[in-house]
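Fold and geometry: a report
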Amino acid sequence: MSERDLRPGGREQWASKIGFMLAAMGSAVGLGNIWRFSYVAGENGGAAFLLLYIAIIILIGVPIMLAEFSIGRKSQSDAVGSFQKLAPGKPWVTAGFLGVASAFIILSFYGVVAGWTLKYFVSYLTGGLWSEPADGYEAFFGGFIGSSVEPVIWQFLFMALTVGVVLMGIKKGIEKANVILMPTLAILLIIMSVYSLTLGGAQEGLAFLFAPDWSVLAEPSIYLAALGQAFFSLSLGMGALITYGSYLSSKERLPGATAGIASLDTVFAIVAGVMIFPAVFAFGIDPSSGAGLVFIVLPGIFDQITGGMLVGIAFFFLLAAAGLSSAISLLEVAVAYFMRKFSWTRKKTALFIGGLIFLLGIPSSLSMGVMADVTFFGLVFMDGMEYLSDLFLPLGGLIIALFVGWGWKKAESLEASDFGSSGIGAFWLFLLRFVAPVAILLVFLAQIGLLDW
Ligand code: VAL
């Protein structure tokens, strides 16, 4: 207990403003920025996707992020409890349940992919990937994820680490590690992007990422892909930022924190793109080759760098660490909720919920091999889970936008967000009331084929 700031309500609180910022940044920056951003951008045409993604971040993501922090801080409760406290008996609580469900779903497959990063880290450490395997990196990756037992063991290890941190409590566990790891990952990403640009695919790679081919916008599914990725990457709609906001005291200034976190997250994704795409073209890989993209392209880069195995060790270690600080925020959503709901201890809740999520992740792992024929929404299990998160996150975000935009009185929203009477606060409310809900609805309509253009 001594490490915790206990307030009258008995809930934990961040030690400092910087602790909160780092934890929220740690939640946002993760595999989503590197692994998921690059493969989703690669599948959706590159530059036009990136511009759409940035527009969504500014007009929808940032306002909803601030709404989530405001809800959490004001209620001082978990994702579900927040709505029950602020609007008892009203249907807004659906957003809270959607958040807890999304945290479960996402962490289930996130643990699988993070397990792959651990495997790559250890393979670099022990020398297994110091030189290209005889049949190439693609076959190596395919063989590994297609096997039944090994990836599940790595997934288990990663989930055990996540549970370990969460059961120590938010502050002791979460705040410290981010201080060193995130800046180091940023520096390494920048060095690798510069290196990737020397590989001979620079022109094509940069054109793919920055010179839009607008024709891809005619494909309705690009909108849901960009919206889902924006929510995924910013940690929106999954209860994480409501939960983290609830450990804040009222001393902080939320709009500045929000702008900082969203910008950092976006810059990480763009730099990751600059690292990946030149190499993709230099190695003649198809940018739309799917979820294995970084696991195939990065080892190719390390192979070319003198001392590349050391860079490989550092990179996959830092990527796994970035994944860990995100996974922690996902597990914390469910743990905070179940602890309060059933009055369980933190330890018991973290072990039990973490165990359940691990089990739920196993079919995702197996869907890369023995379960490749079992489909769900016409997709293999893991892709089906990702698709579900693309739907659930914006749906939760829509409800949150409506709740803060219309469910609260104007003065209440402005006060909860620290905007007070400033004009920019009115603009924020305008985005929440009209722009975000309409845009999210249009994307859903496009997805189900009801918008024809
Ligand atoms: N936002 C994180 C990421 O981009 C997680 C929590 C999904 O990896």
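Look up a bit, the structure's there.
These lines cover the structure that appears in this document, whether it is placed above or below. Keep in mind that what you see is a predicted model, and the values were worked out from it rather than measured.

Moving on to the site of the ligand. What surrounds the ligand is the set Ser27, Ala28, Gly30, Leu31, Gly32, Asn33, Tyr110, Phe232, Ser233, Ser235 and Ser326. Take Ser233: an N or O atom from its main chain is 3.1 Å from a nitrogen atom of the ligand. A total of 260 Å² of accessible area belongs to the ligand in isolation, and the protein chains cover 100% of it. Sort the elements by how many residues they give to the shell around the ligand and helix α2 (residues 31-43) lands first, with 3 residues. Looking at the shell around the ligand, its residues break down into 4 nonpolar, 7 polar and no charged.

Okay, the side chain of Asn33 next. Residue placement: Asn33 occurs in helix α2. What makes Asn33 buried here is its relative accessible area of 0%. At 2.8 Å, the side chain of Asn33 forms a polar contact with the side chain of Asp265. Other than its neighbours up to four places away in sequence, Asn33 contacts Ala28, Ser233, Asp265, Phe268, Ala269 and Ala272.

The subject of this paragraph is the pattern of salt bridges. Under the counting rule described, the total for this entry stands at 9 salt bridges. The shortest N-O distance in the salt bridge between Glu12 and Arg346 comes to 3.2 Å. Note that Glu12 is positioned in the segment before α1 (17-28) and Arg346 in helix α15 (residues 346-366), a separation of 334 residues in sequence. Judged by relative accessible area, Arg346 falls into the buried class, the value being 8%. Across the pair Glu412 and Lys74 runs a salt bridge, and its minimum N-O distance is 3.7 Å. You can see Glu412 sitting in helix α17 (residues 410-416) and its partner Lys74 sitting in helix α3 (residues 47-75), a full 338 residues away along the chain. According to the relative accessible area criterion, Glu412 is partly exposed, its value standing at 28%. Residues participating in the shared-partner salt-bridge network are Glu12, Glu332 and Arg346.

What counts as what
Residues numbered from 1 in each chain as written. Predicted model: local features only at pLDDT ≥ 70, side-chain atom pairs only at ≥ 80, totals over all residues. Heavy atoms only, no water. Near = heavy atom within 4 Å. Polar contact = N/O pair within 3.5 Å; in protein donor to acceptor, adjacent residues only side chain to side chain. Areas by Shrake-Rupley, 256 points an atom, 1.4 Å probe, with all protein chains shown as cover. Helix = DSSP H or I, 4+ residues; strand = E, 2+ residues; numbered from the N terminus. Nonpolar A, V, L, I, M, F, W, Y, C, P; charged D, E, K, R; others polar. Buried < 20%, exposed > 50% of the residue type's maximum accessible area, 1.4 Å probe, protein only. Contact = heavy atoms within 4.5 Å. Salt bridge = Lys/Arg side-chain N within 4 Å of Asp/Glu carboxyl O.

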